[in-house]
Amino acid sequence: MKNLILISLAAFLFSCVSSNDPEPTPVLSGFISESESIGEKVRPGVYEPVNQSIYYSEYSGNLLIVFNTISNAVEKRINVGSAPERPAYDKNQRLMYVSASGQGRLSIVSTVSNTLIGQIKISDPRAPIYCNSNKNVYVPCLTENQVIVVNSLTNLISDTLY
């Protein structure tokens, strides 16, 4: 029964991801030019179209890196905690959600101000997934075998799925 629930949840999350606007192709290179390094062990980035920036998690540096595609330069480095995963983007609220698996928290970053605006304690979180159809962020928790549901309108935990 538990496997059936997890398969159903995976199918639902896939429909959320595939029903959103197409996601841009992640940029995998750690170097933009000879003079500008964005870091080591960089996760694939997420494009934010309003400020025309790509948000990368730097796994070894505890950072969310904001790379401006107009100036072709790193705009800001935001400390989001140890071992950050690939971010998820809520285009309506203009927020990036980044799990820091090494510190057990979900960091919330405003793409308007490029600042950390909140954190939620979550046990062993992995890469979050934003679902535009219900405005929830789903955060898998590896050691707990559960998925934490965060309401993106309140940024509070609304449910735990086992």
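Residues numbered from 1 in each chain as written. Predicted model: local features only at pLDDT ≥ 70, side-chain atom pairs only at ≥ 80, totals over all residues. Heavy atoms only, no water.

**A few points about the overall build of the chain**
Counting its regular elements, the chain contains one helix and twelve strands. When burial is assessed residue by residue, the chain has 43% of its 162 residues classed as buried. Taking as baseline every contact in the chain between residues at least 6 positions apart, the subset at least 24 positions apart corresponds to 34%. Carbon and sulfur atoms make up 55% of the accessible area of the chain, which amounts to about 8,200 Å² in all. (Helix = DSSP H or I, 4+ residues; strand = E, 2+ residues; numbered from the N terminus. Buried < 20%, exposed > 50% of the residue type's maximum accessible area, 1.4 Å probe, protein only. Contact = heavy atoms within 4.5 Å. Areas by Shrake-Rupley, 256 points an atom, 1.4 Å probe, with all protein chains shown as cover.)

**Details of the side chain of serine 101**
The topology assignment puts serine 101 in the loop between β6 (95-100) and β7 (105-110). A distance of 3.3 Å separates polar atoms of two side chains, one belonging to serine 101 and the other to arginine 126. Ignoring anything within four residues of it in the chain, the contact list for serine 101 reads Ser82, Ala83, Glu85, Asp124, Pro125 and Arg126. (Polar contact = N/O pair within 3.5 Å; in protein donor to acceptor, adjacent residues only side chain to side chain.)

**Concerning the confidence of the model for the chain**
Of all residues in the chain, 75% attain a pLDDT of 70 or more, and the chain-wide mean is 82. pLDDT under 50 marks residues 18-36. Its contacts with residues more than four places away, or in other chains, come to 26 contacts. (pLDDT = per-residue confidence, 0-100.)

**Some details on the sheet that holds strand β12 (residues 156-161)**
Read across the sheet, four strands follow the order β9-β10-β11-β12 without closing on themselves; strand pairing throughout is antiparallel. This sheet does not close on itself; its edge strands, each paired only once, are β9 (129-131) and β12. The average angle at which neighbouring strand axes cross in this sheet is 25°, direction not considered. The pairing of strand β11 (residues 146-151) with β12 spans five bridges and is antiparallel. Along β12, the bridge assignment pairs valine 147 with leucine 161. (Pairing = 2+ DSSP bridges. Axes fitted to C-alpha atoms, helices over the stretch in contact; angles between N-to-C directions.)

**A short note on the pairing of strand β3 (residues 63-68)**
Among the six residues in β3, six count as buried, and that is most of the element. Of the strand pairs in this sheet, strand β2 (residues 53-58) and β3 are connected by six bridges, and their pairing is antiparallel. Its bridge partner being in β3, tyrosine 56 is matched across the sheet by isoleucine 65. In this antiparallel pair of consecutive strands, β2 and β3, the connection spans four residues, and asparagine 62 shows a positive phi of 65°. Relative to strand β4 (residues 73-79), β3 runs antiparallel, the two sharing six bridges. Counterpart to leucine 63 in the pairing with β4 is asparagine 79. Hairpin remark: β3 followed by β4, antiparallel, with four residues in the connecting loop; positive phi at asparagine 72, about 60°.

**Considering the nonpolar core**
Ranked by size, the top nonpolar core spans 13 residues in total, and within it Leu106 and Ile122 carry the most contacts. Of all the secondary-structure elements, those providing two or more residues to this core are β6, β7, β10 (136-141) and β11. For this core, the element with the highest residue contribution is β10, accounting for three residues. Leu64, Val66, Ile78 and Val109 belong to the second-largest nonpolar core, a separate cluster that totals ten residues. (Core = buried A, V, L, I, M, F, W, Y, C linked by side-chain atoms within 4.5 Å.)

**Considerations on the environment of isoleucine 157**
Position of isoleucine 157 relative to the elements: it lies in strand β12. Accessibility expressed as a relative area gives 42% for isoleucine 157, which makes it partly exposed. Taking the C-alpha atoms as reference, isoleucine 157 lies 9.4 Å from isoleucine 122; in sequence the two are 35 residues apart. Those residues within four positions of isoleucine 157 in sequence are excluded, and the remaining contacts are Ile120, Lys121, Ile122, Ile148, Val149 and Val150.

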